[in-house]
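# Summary of the model geometry
Residues per chain, in single letters:
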Amino acid sequence: MPMVSRWMYISLVILYSFLLGPFIIIFMASFGANATMAFPPQGFTLDWFANVFETSQFIDSFWISLHLALLSTIVSLVMGMPVAYALTRFQFAASGLVETIFSAPILVPGLVIGFAMLNFFVLLGDMRVMTGLFIGHTAILFPYSVRVISASLRNLDPYVEDAAVSLGANRLRGFLLVVLPNMQAGIAAAFVLGFITSFNNVPVSLFLSGPGVTTLPVSMLSYLEYYFDPTIAALSTLLVIFTVVLVQTAERVLGLSQFV
Amino acid sequence: MPYLEIHDLTVSYEKNQPTLERFSLNVEQGELLSLLGPSGCGKTTTLRSVAGFIQPDAGRIVINGRDYTHLPPNQRDIGLVFQSYALFPHLTVFNNVAFGLRMRRIPKKEIYSRVANALKMVGLEAFADRRPAQLSGGQQQRVALARATVIEPQVLLLDEPLSNLDAGLRVTMRQEIRRLQQQLGITTLYVTHDQVEAMTISDRVVVMNQGEIEQMGTPENIFSAPETVFVADFMGFDNHFNTEVVSVGDSKLTATWGGAPIQLRWHSKFGSPRPGARAEIFFRADNASLVAGTEATGLAGQVILHTFHGNELQYLVDTEVGEFSIMQDSDSERFEAGAAVTVQPHTQKWIAIIEETAARRQRKE
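Bear in mind that the values here come from a model prediction, so they are computed numbers and not experimental data.

### What to know about the sheet that holds strand β16 (residues 288–292) of chain B
All names here are of chain B. Spatially, β16-β20-β17-β18-β19 is the arrangement adopted by the five strands of the open sheet, whose pairing is antiparallel. Of all the strands in the sheet, the pair left with one neighbour each is β16 and β19 (323–329). Neighbouring strand axes in the sheet, compared pairwise and without regard to direction, differ in orientation by 45° on average. Examined bridge by bridge, strand β17 (residues 299–308) and strand β18 (residues 312–319) share seven bridges and lie antiparallel to one another. Bridging from a neighbouring strand, phenylalanine 308 pairs with leucine 313 of β18.

### A look at the domain arrangement of chain B
All names here are of chain B. What the domain assignment lists for chain B is domain 1 (4–228) and domain 2 (231–364). Its C-alpha centre places domain 1 at a distance of 38 Å from the equivalent point of domain 2. Contacts between the two partners involve 10 residues from domain 1 and, on the opposite side, 12 residues from domain 2. At the level of elements, β10 (212–217) and α7 (219–224) are the ones that each hand at least two residues to the side of domain 1 that touches domain 2. Class assignment for the residues of the side of domain 1 that touches domain 2 results in five nonpolar, three polar and two charged.

### Some thoughts on the interface of chain B and chain A
Each side of the interface is counted separately: chain B has 17 residues, and chain A has 15 residues. Among the elements of the structure, β6 (78–81) and α2 (93–103) of chain B are those that each provide at least two residues to the side of chain B that touches chain A. By residue number, the principal contributor to the side of chain B that touches chain A is α2(B), which donates three residues. For the side of chain B that touches chain A, the class distribution of residues is 12 nonpolar, four polar and one charged.

### Regarding the sheet that holds strand β9 (residues 204–209) of chain B
Residue and element names in this part refer to chain B. If you trace the six strands from one edge of the open sheet to the other, you get β6-β7-β8-β3-β9-β10, paired in mixed fashion. The sheet is open, and its two edges are formed by β6 and β10, each paired on a single side. Recorded for the sheet is a direction-independent mean angle of 20° between the axes of neighbouring strands. Lying on the sheet, helix α4 (residues 137–149) is in contact with β6 and β7 (155–159); it crosses β6 at an angle near 170°.

Calculation criteria
Residues numbered from 1 in each chain as written. Chains lettered and ligands numbered in written order. Predicted model: local features only at pLDDT ≥ 70, side-chain atom pairs only at ≥ 80, totals over all residues. Pairing = 2+ DSSP bridges. Helix = DSSP H or I, 4+ residues; strand = E, 2+ residues; numbered from the N terminus. Axes fitted to C-alpha atoms, helices over the stretch in contact; angles between N-to-C directions. Domains from an automatic or database assignment. Contact = placed C-beta atoms within 7 Å. Nonpolar A, V, L, I, M, F, W, Y, C, P; charged D, E, K, R; others polar.

See below:
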């Protein structure tokens, strides 16, 4: 049926042009010689990329974002593992309620979380900006960790632990030798997902950033308020490449897509 | 002396509602004993208590003269086979089987030869490098068997090991488990809800109901001489009816069937019943014959339904005592629905059971 496939073809083209079009424009604009963002770009220059690395605001906030993402992802994983284990292995009275509470940060709008946390931290008194950011990011990553690790645990027969114990392993060794290796892919997937979620987060970071301590997306926003040159386009191009490489590597190595 | 002893075991998941109460059982050395019963009868609870995964409220578990009651499960030296196989998905077949030996810090060389030997016994020596996911269900269960037996455990426990396999494979695996068990001479406790499985694999069968032993005996004994109404039902006695005891002798009692006296084996937990007591009479579909007309001795009835079963024909016959299902050879005389027939009993295969309720009823009357 050629009609159907022609329509499918056309809608596919439309879909992809809306998905990828903006990126292509940003990508091309980042090499343009115009002083303001323009499309189609005129000339060719790498000056804007150089400008990214010369703007200390970006470099500083990149390191902050990187540290923040790594730290909050690792902590959310360490906290999420026992929760996922408990939720999948034991039936207890409030397990449904616990699961709902743990998924709240996914359901509540990021701006609301950010605003609420800001008010909460102000009430608590003096807190370092970085501490606030770390707590905020860990909180939004935590439900993702729990969910992704739970998914990997649900695929594992709960009786393998009993089998290991009956063969002579104590509970801890049974967990380390039999359960943990089967959680590995889930943990790695949760790590990549958590890292990207934290690294790209705007709403929570927006409220919790402070003087001198800003994450990369937030400093990009504030840069845009004053300048409209293609530096931002160049930085965006770099970020897209960074994320795509990260996800592709994870997909190749781990088969990430089976958990998300 | 028994090898595995369970003394007065009491286990409750909820307070004051014990799943097992003062449950006792002995398994002889090298014997395969089945715990047979419907779900919730306490058979799996018994098995998991022996394995050490359930800490009983009271009672003792003794294996080979040693008290195991308070020993943690990883120190019990027990081989366990699960319904879901519970293989380690990230390990090869070889490493699955070697797991227990590594936990025991057996030298590498010995591990290699013992695992190779165990895999050979279950016919999987060519699959040592595969992952469990690359094996069929039957092969996975063989790996589970090799893994549980390679450690040369004191006792082997099998928890519904064949329930996840299809019917044909179940028969083959049943024979393989039995062969392996006899070759190793390993004392085995086998939990199942399938009576055919229990019959074919066991030295002795224990029929359990609501945490208690209904009957214990050889498969033949359980099959042909059930002692309680529950066991008779569970062992597939298709037909039963309630009737009055006319007179009682040492081994046979007399009841009536179509006006004529019949002599039946009987069983009662409450001593000899008196004449006039009620008895539940059980017989299998193939332990009665049909003859045409109502002139012959026996119980008169009418054919309601007949179905073809290959070598046999099954009739549903309505009589004044009740409806009975009766199997006849397909080369015997055929009867259409509505035909008048006489049901003649094979009394040596029938059994009369006098239950507590019947005995009580008799006392009250």
